[in-house]
Amino acid sequence: MSRNGTPHLDNHVIVLFGATGDLARRKLLPGLFHLHAAGLLPKEYRIIGVSPRNAALTTEQFREHAEQACSDFCITKPTDQSWPSFAERVSFAAADPDNATDLVEAVYRAEKEIGGPVRRLYHLAVPPAAFTIVVGMLGATGLSKDARVIVEKPFGTDLASARRLNQAVLAVFDESQVFRIDHFLGKESVDNILAFRFANGLYEPIWNRSHLRYVEIDVPETLSISGRGAFYDATGAYRDMVVTHLFQVLAFVAMESPVSLSAKHLRDEKEKVFEAVKPIDVRHVVRGQYEGYRSEPGVAPDSQTETMVAVRAEVDNWRWHGVPFFLRSGKAMGVSRQLITLGFQPPPMRMFPAHRKDTPYGRQNEIVIDFADPGAIKVYFLTKVPGAQLSLTPRWRSTTRTRSPRRTRSRATSGSSCSPWSATSRCSPGPTGSSGCGRSPNHCWRTRRRSSRTPSGRLARSRSSG
């Protein structure tokens, strides 16, 4: 066992294809450094970044690139004492389909430095169009022997292309060597959905159509597509976010209790959810582009690709029949959020008066799961306003995860400070220079769902599918 109580891992050579891309910069390099700092990587390992020769870096340049990425996106910064021992394990190699000599030499050199049995792991952080090229190169050079490969989403653009990609991958690798992943499921706060549901007896009995009337999964982003125009224009928000990240989160919310937390049993229950999802009705889809998208490098001037999408999905099974799931995501929006909102059915009678000034967000009872790290779970309910009158005011109880393993704290608050969204969460100023609606991001989704915002606050072109 390691010092963290985890099993000892085999020594590895980890090869990142697309190592200078956006995914590697934002997720993979920071994630690997975080694992290194936490002592969760093998005792001996090497990381080799790979790109085509026309975009290749030297090892020193790649280490500087990795340091900047970790400085921008890591909780543990490169100023930590663990950084030098991480950086010295990082190198770079160029590889083209017809010339992978540098990569082959780099892998063999890394294995020789480590010594003894070494496993190979390839992470394909590249567009789907490059999957077959990279996999074919690994097979032709013999680097695929006794190796494993991680394939990122999106896996193709439709069912036919996904099947072709699958055939190409399985022509080189056995299924047991292939890991198809969605990195949203590696988030602590997403895994916490399972703990919230199945480790507690408080909410699971009411997690169904008898008590819930809607589920919202919202991932608006302030980021534009800068630097990814060609990839994004061939993909769009629906393929990039909804059928990948958001549907995976939907499965965690909607699934039945698995037999265990093993990968197979979790996958089995998620598959049942996907089988129960009804075909998307195009009348329940809204698509839009942020203003200036067609001027981005790599984007066609007449592009019809959406950068914002809102979808109503339905899980047609015994637990969820009739409950709408609203999935929404977009680039260049007014705020960045990662939220799941579960709205409860109202009581059959409204016995208590509720003044608008006391309940600015209505009479909603909601569970709001913030799955942006570090994550938080809040429950909104109504209580009596202190005084002689039997009127109502909202309260919320928040259970927030911390980075330390201390017992989670809960607190209840009332009054204006307990509104469902902090002041920093409110919508952007309007296009006429107004101060904004002051409501929640979900309110902005509902009332301005046909438009996206650029960082400057200008309204975008939008189109409704139908």
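Definitions and limits used
One numbering rule holds for all chains: residues counted from 1, following each sequence as written. Given that this is a predicted model, residues contribute local features only at a pLDDT of at least 70 and side-chain atom pairs are listed and counted only at 80 or more, while totals for whole chains, interfaces and linings are drawn from all residues. Based on all heavy atoms of the structure, the side-chain values leave hydrogens and waters out of the count. For patches, a residue must show more than 30% relative accessible area and have no salt bridge; joins then use 9 Å for like charges and 5 Å for nonpolar side chains, namely Val, Leu, Ile, Met, Phe, Trp and Tyr. Working definition of accessibility: Shrake-Rupley area with a 1.4 Å probe, residue cover restricted to the visible protein chains. Take a side-chain nitrogen of Lys or Arg and a carboxyl oxygen of Asp or Glu: if they are within 4 Å of each other, that pair is a salt bridge. Secondary structure follows DSSP: runs of H or I at least 4 residues long count as helices, runs of E at least 2 residues long count as strands, and numbering of each begins at the N terminus. For a helix, the expected span equals 1.5 Å multiplied by the residue count minus one. Remark: exposure states derive from per-residue accessible area (1.4 Å probe, protein chains only) relative to the maximum for the residue type, with buried under 20%, exposed over 50%, and partly exposed in between. The directions considered for the arc are those from the helix axis to the C-beta atoms. By the convention used here, residues are in contact when the closest approach between their heavy atoms is within 4.5 Å. In predicted models, pLDDT denotes the confidence assigned by the predictor to each residue on a 0 to 100 scale. Here a strand pair is declared whenever DSSP counts at least two bridges between the two strands. The axes used here are C-alpha line fits, helices contributing only the stretch in contact, and every angle between their N-to-C directions lies in the interval 0 to 180 degrees.

### Digging into a nonpolar patch on the surface
Okay, step 1: Together, M349, M351, F352 and L390 give the surface a local cluster of nonpolar side chains, amounting to about 470 Å² of exposed area.
Okay, step 2: Along the chain, F352 falls in the loop between β11 (339-344) and β12 (366-370).

### A closer look at helix α4 (residues 101-114)
Okay, step 1: Here α4 spans 20 Å end to end across 14 residues, near enough to the 20 Å set by a 1.5 Å rise per residue.
Okay, step 2: Among the residues of α4, those classed as buried are L103, V104, A106, V107, A110, E111 and I114. Along α4, the residues classed as buried sweep out an arc of 165° about the axis, all on the same side.
Okay, step 3: Buried residues in α4 make contact with β1 (12-17), β2 (45-51), β3 (90-94), β4 (119-124) and α5 (128-141).
Okay, step 4: Positive phi appears at G115, one or two residues downstream of α4, with a value of about 80°.

### Some remarks on the environment of T244
Okay, step 1: Checked against the element boundaries, T244 lands in helix α9 (residues 236-254).
Okay, step 2: On the basis of relative accessible area, T244 is assigned to the buried category, the value being 9%.
Okay, step 3: Between the C-alpha atom of T244 and that of D182, which follows or precedes it by 62 residues, the distance is 7.0 Å.
Okay, step 4: Ignoring anything within four residues of it in the chain, the contact list for T244 reads K153, P154, D182 and R239.

### Notes on the pattern of salt bridges
Okay, step 1: A complete count under the given rule lists 22 salt bridges for this structure.
Okay, step 2: With its nearest N and O atoms 3.7 Å apart, the salt bridge here joins D96 to R53. Of this pair, D96 sits in the loop between β3 and α4 while R53 sits in the loop between β2 and α2 (59-73), placing them 43 residues apart in sequence.
Okay, step 3: Exposure remark for D96: the relative accessible area of 17% places this residue in the buried category.
Okay, step 4: The partner of E111 in a salt bridge is R120, and the shortest N-O contact between them spans 2.6 Å. Judged on exposure class, the residue E111 and its partner R120 are both buried.
Okay, step 5: Where salt bridges share partners, they join R197, E204, E256 and R319 into one cluster.

### Focus: the confidence of the model for the chain
Okay, step 1: For the chain, per-residue confidence averages 83 on the pLDDT scale, and 83% of positions sit at 70 or higher.
Okay, step 2: Below pLDDT 50 for its whole length, residues 402-466 participates in 144 contacts with residues either more than four positions away or in separate chains.

### Details of the sheet that holds β1
Okay, step 1: Strand order in this open sheet of six strands is β3-β2-β1-β4-β5-β6, and the pairing throughout is parallel. Lying at the two open borders of the sheet, with one neighbouring strand each, are β3 and β6 (178-181). Strand-to-strand twist of the sheet, defined as the mean angle between neighbouring strand axes without regard to direction, takes the value 20°.
Okay, step 2: When β4 meets strand β5 (residues 147-152), the two strands line up parallel, connected through five bridges. By the bridge assignment, Y122 is partnered in β5 with V149.
Okay, step 3: Contacts between α2 and the sheet are confined to β2 and β3, with β3 contributing the most and set at about 125° to the helix.

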